[in-house]
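Residues per chain, in single letters:
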Amino acid sequence: MERETRMLLWTVFAVGVLTVGLLPAAWGTLNHAVAIGVKSSNEMAQALWGQSPSLSPTENTWLTNTKVRILPGADTTHVDFVSWNPSTWGPQLVISGYGFGNPPTASQTVLLIQDSRRGWTAADGSSFSVQPKITSWENDRIVVDGFDRYGATGVSNGSAGQGSEVFAPGDSITVTVTNPQTGSSGSYQTQYPISAPIPMVTLNPLQSLMVGQSELLSGRVSLKGTGLADQAVTLSAAGGQIRPHVVVTDRQGIFTATFTASGTGGTDTVMASSDGAVGTTSVTVRVFTVTLSAVGDATDNQVTLTATVNHPLNGYTLRILNRTTGKIVAQIDQGTTLSTRITMQPDISQTFVAQID
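Residues numbered from 1 in each chain as written. Predicted model: local features only at pLDDT ≥ 70, side-chain atom pairs only at ≥ 80, totals over all residues. Heavy atoms only, no water.

Looking at the layout of surface pockets
Thinking step 1. If you add up the space inside the second largest pocket, you get close to 160 Å³.
Thinking step 2. Taken together, 15 residues form the lining of the second largest pocket, with W89, G90, K133, F147 and Y150 sitting closest to its centre.
Thinking step 3. Ranked by residue count, the leading element in the lining of the second largest pocket is strand 6 (residues 141–148), at four residues.
Thinking step 4. Classifying every residue of the lining of the second largest pocket gives five nonpolar, five polar and five charged. (1 Å grid on protein atoms, 1.4 Å probe; cavity = no way out; pocket = protein on both sides within 12 Å on 5 of 7 lines; lining within 4 Å. Points joined across faces, edges and corners; volume = space filled by probe spheres on them. Helix = DSSP H or I, 4+ residues; strand = E, 2+ residues; numbered from the N terminus. Nonpolar A, V, L, I, M, F, W, Y, C, P; charged D, E, K, R; others polar.)

Printed below as a string of structure tokens:
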């Protein structure tokens, strides 16, 4: 009888050992149950021999955590693949692999998404302008459901918006995941999809302006017809001036600035760049031409002065001045012609000029 009892105990122990040995083969299902199996084997050894090996720190972690699937012995963080969904602004992505650990705390920076072409990084941490919105963190899968402040800032005011903190089709991107508990890191080189849609920047046309005239400039940043809010827009002008140089879109994706035409006639060009897209518009700058004529009447010493401009004044001021005395003889701010009559003293010469301000 005693022999049969010993054989039964050894059989039970053998089953226990085999159970622990087979569990790691079930990839993706090993978690709390693995630790329970280890603990059960230790308790069995304690009953048979009065001793048992202590649990490792990793096994203790499995025992207290029921959320994370961990393959025993696979402690190194590894990123296998990154899939993109660029249909939203900003894009979504899923990171697949193993060894990612438990979700990080708010103070940890454990996910870096680096765009080497544009030279910027999105990361979870207060020191980064653009931050990924992590909606799910599992040991083998991380889901990023967009980005905070995506496109709202730029690493520079580079031409054509190339400094914007956004991804563009074909950009080379490195995704690095660091296990929050072990500090182990794994990286994966990926490419932002070539087929990803890009925003459109449009500028509303400006009416023709007179030299030095200022006008409100407006435009819009949109993606597939929908305005993008809080996007940084860099403005520049070839001829003339624009203020400010960097603006931010409103909720409808609209931005505004003030444009002042150049001091010479011709064509000024305004360029707006945002999120890697560029919009341009041109404005014709007109120059006033002023003529002044004088017709005298010798019988009453009256002189008629007439000033004419080649374009309507529309708020500009046309003046006739007596350069000899420094006084304004007449002025208007509408139309194209200014005429006035003055009395001249005999044998006295005076000089008159017409000017636009």
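What to know about the pairing of strand 18 (residues 277–286)
Thinking step 1. Along strand 18, the buried face is formed by A277, G279, T281, V283 and V285; none of V278, T280, S282, T284 and R286, which line the opposite face, is buried.
Thinking step 2. Sheet analysis places strand 10 (residues 209–210) next to strand 18, joined by two bridges and oriented parallel. Bridging across to strand 18, L209 finds its partner in V285.
Thinking step 3. In terms of strand pairing, strand 17 (residues 266–274) meets strand 18 through nine bridges, oriented antiparallel. The residue of strand 18 that forms the bridge with V270 is T281.
Thinking step 4. The turn joining strand 17 and strand 18, which pair antiparallel and follow one another in sequence, is formed by two residues; a positive phi near 55 degrees is taken by D275. (Buried < 20%, exposed > 50% of the residue type's maximum accessible area, 1.4 Å probe, protein only. Pairing = 2+ DSSP bridges.)

A few points about the packing of aromatic side chains
Thinking step 1. Enumeration over the complete set of coordinates arrives at 10 aromatic pairs.
Thinking step 2. The interplanar angle of 25 degrees and the centroid separation of 4.9 Å between the aromatic rings of W120 and F167 together place this pair among those described as stacked. Remark: F167 occurs in the loop between strand 6 and strand 7 (172–178) and W120 occurs in strand 4 (residues 120–123); sequence separation between them is 47 residues.
Thinking step 3. The exposure class assigned to F167 is buried, which follows from its relative accessible area of 4%.
Thinking step 4. Considering the side-chain rings of F167 and Y192, the 5.6 Å spacing of their centres and the 40 degrees angle between planes classify their relative orientation as tilted. Pair noted here: F167 is in the loop between strand 6 and strand 7 and Y192 is in the loop between strand 8 (185–191) and strand 9 (200–203), with a separation of 25 residues, a long-range link. (Phe/Tyr/Trp six-rings, centres within 6.5 Å; stacked < 30°, edge-to-face > 60°.)

Some remarks on unusual backbone geometry
Thinking step 1. Going from W89 to G90, the amide bond is cis rather than trans, its omega being -5 degrees.
Thinking step 2. Assignment of secondary structure puts G90 in the loop between strand 1 (78–85) and strand 2 (92–98).
Thinking step 3. In this structure, P244 follows R243 across a cis peptide bond, with omega equal to -10 degrees.
Thinking step 4. With respect to the helices, strands and loops of the structure, P244 is situated in the loop between strand 14 (241–243) and strand 15 (246–248).
Thinking step 5. In the Ramachandran plot, D230 falls in the positive-phi region, its phi being about 60 degrees despite a non-glycine side chain.
Thinking step 6. Within the secondary structure, D230 sits in the loop between strand 12 (226–227) and strand 13 (232–238).
Thinking step 7. Accessibility expressed as a relative area gives 47% for D230, which makes it partly exposed.
Thinking step 8. Phi angles above zero are rare outside glycine, and N314 is one such case at about 50 degrees.

Some remarks on the nonpolar core
Thinking step 1. Within the largest apolar cluster, 24 residues are counted, with the highest numbers of intra-cluster contacts made by I95, I113, F147 and F167.
Thinking step 2. Of all the elements in the fold, those that place two or more residues in this core are strand 1, strand 2, strand 3 (111–115), strand 4, strand 6 and strand 7.
Thinking step 3. The contact partners of I95, leaving out residues within four places of it in the chain, are V79, F81, V82, F100, L111, D140, R141, I142, V175 and V177.
Thinking step 4. One finds L235, A257, A272 and V285 within the second-largest nonpolar core, a separate group that totals 21 residues. (Core = buried A, V, L, I, M, F, W, Y, C linked by side-chain atoms within 4.5 Å. Contact = heavy atoms within 4.5 Å.)

Focus: the sheet that holds strand 8
Within a beta sheet, neighbouring strands are joined by backbone hydrogen bonds and run either parallel or antiparallel to one another.
Thinking step 1. Here four strands make up an open sheet; going across it, the order is 4-3-7-8 and the pairing antiparallel. Each edge of the open sheet is held by one strand with a lone partner, namely strand 4 and strand 8. Shown here is a sheet whose adjacent strand axes are inclined to one another by a mean of 20 degrees, direction ignored.
Thinking step 2. Note that strand 3 and strand 4 share four bridges and pair antiparallel. From the neighbouring strand, I113 faces strand 4, where its bridge partner is A122. (Axes fitted to C-alpha atoms, helices over the stretch in contact; angles between N-to-C directions.)

A look at the side chain of S218
Thinking step 1. Mapped onto the elements, S218 comes out in strand 11 (residues 214–223).
Thinking step 2. Within the local environment of S218, its side chain forms a polar contact with the side chain of N204, the two groups lying 2.6 Å apart.
Thinking step 3. Ignoring anything within four residues of it in the chain, the contact list for S218 reads L203, N204, F255 and T256. (Polar contact = N/O pair within 3.5 Å; in protein donor to acceptor, adjacent residues only side chain to side chain.)

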